[in-house]
Amino acid sequence: MTLTYYLVLAAILFTIGAVGVLVRRNAIVVFMCIELMLNSVNLTLVTFARATGTVDGQIMAFFVMVVAAAEVVVGLAIIMSIYRTRRSASVDDANLLKY
Amino acid sequence: MSETLPADGLLGLSWLLIALPLAGAAVLLLGGRRTDRWGHLLGTATVVAAFVLAVACTFQLAGLEERSAEVELFTFISTGELDVRAGLLYDPLSAVFVLLITGVGSLIHIYSIGYMAHDPARRRFFAYLNLFVAAMLLLVLGNSFVALYVGWEGVGLASYLLIAFWYTRPAAATAAKKAFIMNRVGDVGLALAIFVMFAQLGTTSYAGVFGAVGTLAGGTVTALGLLLLLGACGKSGQFPLQAWLPDAMEGPTPVSALIHAATMVTAGVYLIARCAPIYDETPTARAAVLAVGAVTLLIGAIAGCAYDDIKKVLAYSTVSQIGYMFLAVGLGPAGYVAGLAHLLAHGFFKAGLFLGAGSVMHAMNDSVDMRRFGGLWNKLPITFATFGLGYLALIGFPFLSGYFTKDAIIEAALDRGDVWGWVLGGVAVLGAGLTAFYMTRLMLMTFFGRARWEDGVHPHEAPSVMTAPMIVLAVGSVGAGFLLVSAFPLSGWLEPVFGEPEEAAHVVAPLTVGLVVTAVMALGVLAAWLFVGRREVPVTAPVRVSPVTRAARHALYADAVNESLFMRPGQWLTRALVFVDNRGVDGAVNGLAATLGGSSSRLGRAQTGFVRTYALGMLGGAVLVAGALLAVTAG
Amino acid sequence: MTETLSGAETVVFWVLGPIALAGALGMVFSRNAVHSALWLVNTMLALGVFYVVQEAPFLGAVQIIVYTGAIMILFLFVLMLVGRDSSDSVVETLRGQRIAATVLGVGFAALVGAGIARATRGLTVIGLEGAQGEAGNIPAIAERLFTDYLLAFEVTSALLITAAVGAMVLAHIERAPGARQTQKELSRARFLTSDRPQTLPGPGVFARANSVAVPAILPDGSPSEASLATGIEPQEPDEMPRPTGREQFGTPDAALGTTEGTPSAIPGGREQ
């Protein structure tokens, strides 16, 4: 077994997250899918940090987590305010910005 | 061109000549209906006052040693290198024209008081007449080509307004437009000539241009001469722009007499005479003037033989007579004086003839069809007498004006001494015969023979306010030629302008010329009597006639030629341009806009508003990028 | 420097890898959002273990505490606020979305997988022993974080503050000043405008039955409509079955209480 396995696992998780973003309509689940994608990227960063022998990759992953936390806070607040006005958490219902 | 002096005395007031009629026009046009009752009197008074002033000025001019005076008025345009000063030049040539314009103008104003008495718009008529007189005086008095051009356009405007005076008649409105547009063609030539002068010489004043014309290249001078000739042709109704003048007879008859016989249409002759220093430098342009004059002379005379409309016959006669004048001024120094003498004499007798025709129409309920006249000589004795004197003067009856002035032209033509001299002389003699024919035909159909009047027509003599000017003009017709040629030679008076008249070596003795011309004239009269006087005149024009007659009736197809040569191609060009504009230019622009609009509205469909669709696009892009990266690294 | 990893790590990978994958798939495919969240927790825990295994114990701890703990709890919290029952319908409304997503996803995975395979062939593991030294993982990270990455760290703090403020602004419901009444105002309004300053009578009070369907009897003996719960058909006590004696106790009719006995007796109570 080599480090490539981790990387392939991360790629598959990332793809699953991306497909989830495309097929799920509940905004919160879509958000979870995005979190999954971020996590898979973190796994990649950690793996490469180990491969290259520096902690910089881990620090990057750390920053990704921080940014993800901020993003989740703001994103969930947006979802709540949308839900409050439209009584729906579906991303398809917020489709007024179009041709 | 002799030296000119600053004017003083009465000559310093010569601007009043223009200002008086202009003020009259302004008062009558702006005063509105308040001036209805006395407007015609004011209009007449301004012109008569101008005439009196002109006579006084001319006497003062005759006393001056230089016989030329310039009046600086104001700076018209002063910008950069262009410095146009408005000024007046009172010299013998201007004086002749000023006297003709104000003199004949006064008579016709007086005549119009009676002629237009029953017209509700008489005030407007006098306003336009005053405007015309003012513009015409500016034309002949201006001391630069720009001033001349202003007057030139002014008389064009007045002519348009007066032809369309009865603008409710479609024929009058159309004729006015035709006159205006054909004049524009000539005006463009004049304007271009002025542009050339400014571009080449930097000045447009007569003194400046004529002083420097010798320094110009030969081609430029020729172009200048031809452009000026184009302008003259437009204004004077000369070939190929002659078609508007007969149609202009739709205007009131005094207008026909003043503008379209005596004064305005002679502006072309004035222009060419004034530009003698230019034509002296360019034999080509001078030959063109000759050709125009000769061709027009014949066209006018031939067309005049066929018309039944009394005013149109006189109009074609005018065209033909101005052709004589062009022929004369085209002959160069030998012909200027002869041409101008004929111009003055023609001003008298043609104005008289038109006024007589107006009197006949007045008597015949405004009919102009000579086939419905006849036998009027004892009903309208004064008209008959004055008209007859004018007629005799026109055909060149011995010792009346036409005899002296026309013979002088023919002599001058023959004096060229070459083949062309014989050709031109022959044309002029032939024209004299044709003139005699059509004028005799007109006399016979109008005054002699059986009365062919329409029902309810009771001819009566015109009031004295109309007959008096006719009598004065008839007297002028009789005496003008003798006065101008023999008793008080015009050549001497015009000497400061055209130089010393040289005693030409006569190729043919003047007496011989006089006899030949008189004989040809008698032949014309005889022919007319044979064709018209001997037989009964049918009230409707015969339909089965020879091709020559048919061509003459259509004025040698001038309108058809104009239509097929200029109007139709112009229309085709316009249509083609419109088509190109609509389909090509607009099509390209609209097509581009439609393509952009259509494609954007179609692309806009991609903006569904669904976030997931956009995300799908992003994933697709990511796949492409990944694939591309892989392909690059693998490759 | 080795290419292959230790056997223990291989075991851990092959145990936790499928669990992480199953968690991801379960998150995407479960219809209930709460289930999705729980599946995601599953995946994240597995990833946290992976971090620890890959010489990043600090990140593993953060992953479990912050991500799995705090963030996923936030998710669940919002899910509860929004409503647990707002599950997706299974019908896909966008035509071709699922097929296209699947095709693209598979294509993407194949391409990235192929790219990784190509790029990392012969990838050696240097390991972090050299970088961390004796002190271990956390001092190594701290050393880099507070030296080379200090500016980014500080900016991150600004980002977090901004995010917190932004979330408050977004979630906050603006009320006009004075729109919320105080206790004092509320009681004053109740006493001044209402005929009934006291609470409503409970059902069955002083009645011969203690059912919620029986109105209370007022002191003058009349039933009180105000005592009835809304949405319940009122029952007349006289129409009710009349159990006698002790039979009524413990019978199916016990809920209706008794209509007998003295007023001093406890209504519906057991006989003394």
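Located above this text is the structure these notes cover.
What comes next is a walk through the structure. (Residues numbered from 1 in each chain as written. Chains lettered and ligands numbered in written order. Predicted model: local features only at pLDDT ≥ 70, side-chain atom pairs only at ≥ 80, totals over all residues. Heavy atoms only, no water.)

**Here's the deal with the pattern of salt bridges**
Test applied: By definition here, a salt bridge exists when the distance from a side-chain nitrogen of Lys or Arg to a carboxyl oxygen of Asp or Glu is within 4 Å. The way it works is that DSSP assigns letters per residue, a run of H or I at least four long becomes a helix, a run of E at least two long becomes a strand, and they are numbered from the N terminus. The buried label goes to any residue with under 20% of its type's maximum accessible area, the exposed label to any with over 50%, and the partly exposed label to all in between, with areas taken from a 1.4 Å probe on protein chains only.
Under the criterion given, the structure shown has 14 salt bridges over all chains. Between Lys312(B) and Asp247(B) there is a salt bridge, with the nearest N and O atoms lying 3.7 Å from each other. Of this pair, Lys312(B) sits in helix H14 (residues 310–330) while Asp247(B) is found in helix H9 (residues 244–247), placing the two residues 65 residues apart along the sequence. In this structure, the salt-bridge partner of Asp148(C) is Arg144(C), at a minimum N-O distance of 2.9 Å. We classify Arg144(C) as partly exposed; its relative accessible area is 24%.

**A look at the packing of helix H18 (residues 419–447) of chain B against helix H22 (residues 510–533) of chain B**
All names here are of chain B. Note the following rule: Only the stretch in contact is used when fitting a helix axis, every axis being a line fitted to C-alpha atoms; angles between N-to-C directions are given from 0 to 180 degrees. Handedness of a crossing follows from how the near helix is turned relative to the far one, being left-handed for an anticlockwise turn of less than a right angle and right-handed for a clockwise one. Here a residue-residue contact requires only that any non-hydrogen atoms of the pair lie within 4.5 Å. Under the convention adopted here, Pro, Cys and the residues Ala, Val, Leu, Ile, Met, Phe, Trp and Tyr are nonpolar, Asp, Glu, Lys and Arg are charged, and Gly plus all remaining residues are polar.
Their axes nearest at 7 Å, the elements H18 and H22 cross at an angle of 35 degrees. For the pair H18 and H22, the crossing hand works out as right-handed. Between H18 and H22, the residues in contact are Val-429, Ala-432, Gly-433, Ala-436, Phe-437, Thr-440, Arg-441, Leu-444 and Met-445 and Val-517, Val-520, Met-521, Gly-524, Val-525, Ala-527, Ala-528, Trp-529, Phe-531, Val-532 and Gly-533, respectively. Here the contact of H18 with H22 is composed, by residue class, of 15 nonpolar, 4 polar and 1 charged.

**Quick word on the interface of chain C and chain B**
We apply this condition: When two components associate, each loses some accessible surface as probed by a 1.4 Å sphere; the sum of these losses over both components is called the buried area. Within 3.5 Å is the distance limit for a polar contact, defined as a pair of N or O atoms, with the added protein rule that one can donate a hydrogen and the other accept it, and that residues adjacent in sequence qualify only through two side-chain atoms.
With 13 residues of chain C at the contact, the number on the chain B side is 13 residues. Of the roughly 1100 Å² buried where chain C meets chain B, counting both sides, 75% is carbon and sulfur surface. When the buried area of chain C at its contact with chain B is split by residue, Leu94(C), Leu104(C) and Leu111(C) rank highest and sum to 44% of it. Where chain C packs against chain B, one counts 0 salt bridges. Inspection of the chain C/chain B interface yields 2 residue pairs in polar contact (both at pLDDT 80 or more). Partitioned by chemical class, the residues of the side of chain C that touches chain B number 7 nonpolar, 4 polar and 2 charged.

**Here we look at helix H8 (residues 218–236) of chain B**
Cut-off, in case you're wondering: Any helix carries an expected span of 1.5 Å times its number of residues minus one.
The first and last C-alpha atoms of H8(B) sit 26 Å apart over 19 residues, in line with the 27 Å expected at 1.5 Å per residue. Most of H8(B) is tucked away, with 14 of its 19 residues classed as buried.

**Describing the pairing of strand S2 (residues 69–79) of chain B**
Residues and elements named next belong to chain B. Test applied: Two strands are counted as paired when DSSP detects at least two bridges linking them.
In this sheet, strand S3 (residues 82–90) lies alongside S2 in antiparallel orientation, the contact comprising 9 bridges. Across the sheet, residue Ile-77 finds its bridge partner in S3, namely Val-84. From the end of S2 to the start of S3, which pair antiparallel, there are 2 residues, and Gly-80 there has a positive phi angle of about 60 degrees.

**Quick notes on the packing of aromatic side chains**
Put simply, the rule reads: The pairing test for Phe, Tyr and Trp rings, Trp by its six-membered ring, is centres within 6.5 Å, and the orientation test on the planes gives stacked under 30 degrees, edge-to-face over 60, and tilted for anything in between.
Under the defined criterion, the tally for this structure stands at 28 aromatic pairs over all chains. Measuring from ring centre to ring centre gives 6.0 Å for Tyr5(A) and Phe13(C), while their planes differ by 85 degrees; the resulting arrangement is edge-to-face. A residue pair is termed interchain when its members come from two chains, as with Tyr5(A) in helix H1 (residues 4–23) and Phe13(C) in helix H1 (residues 7–29). Taking relative accessible area as the criterion, Phe13(C) reaches 5% and is therefore assigned buried. Ring plane angle 85 degrees and centroid distance 5.4 Å describe the contact between Phe13(C) and Trp14(C), whose orientation is recorded as edge-to-face. Taken together, the ring pairs connect Tyr5(A), Tyr6(A), Phe13(C), Trp14(C) and Phe50(C) into an aromatic cluster.

**Side note on the interface of chain C and chain A**
Frequently, the measure chosen for interface size is the accessible area removed from exposure when the parts meet. Counting residues at the interface gives 84 residues for chain C, matched by 68 residues for chain A. Note on chain C versus chain A: buried area summed over both sides is about 6900 Å², and carbon and sulfur give 74% of it. Considering only the side of chain C, the residues that lose the most area to chain A are Gln54(C), Tyr67(C) and Phe75(C), jointly responsible for 10% of the buried surface there. Across the chain C-chain A interface, the total number found is 3 salt bridges. In this structure, the salt-bridge partner of Glu55(C) is Arg50(A), at a minimum N-O distance of 3.5 Å. On the surface where chain C and chain A come into contact, there are 21 residue pairs in polar contact (both at pLDDT 80 or more). Only H1, helix H2 (33–53), helix H3 (57–82), helix H4 (97–119), helix H5 (129–132), helix H6 (137–145) and helix H7 (150–171) of chain C provide two or more residues apiece to the side of chain C that touches chain A.

On their own, these measurements won't tell you what the molecule is for.
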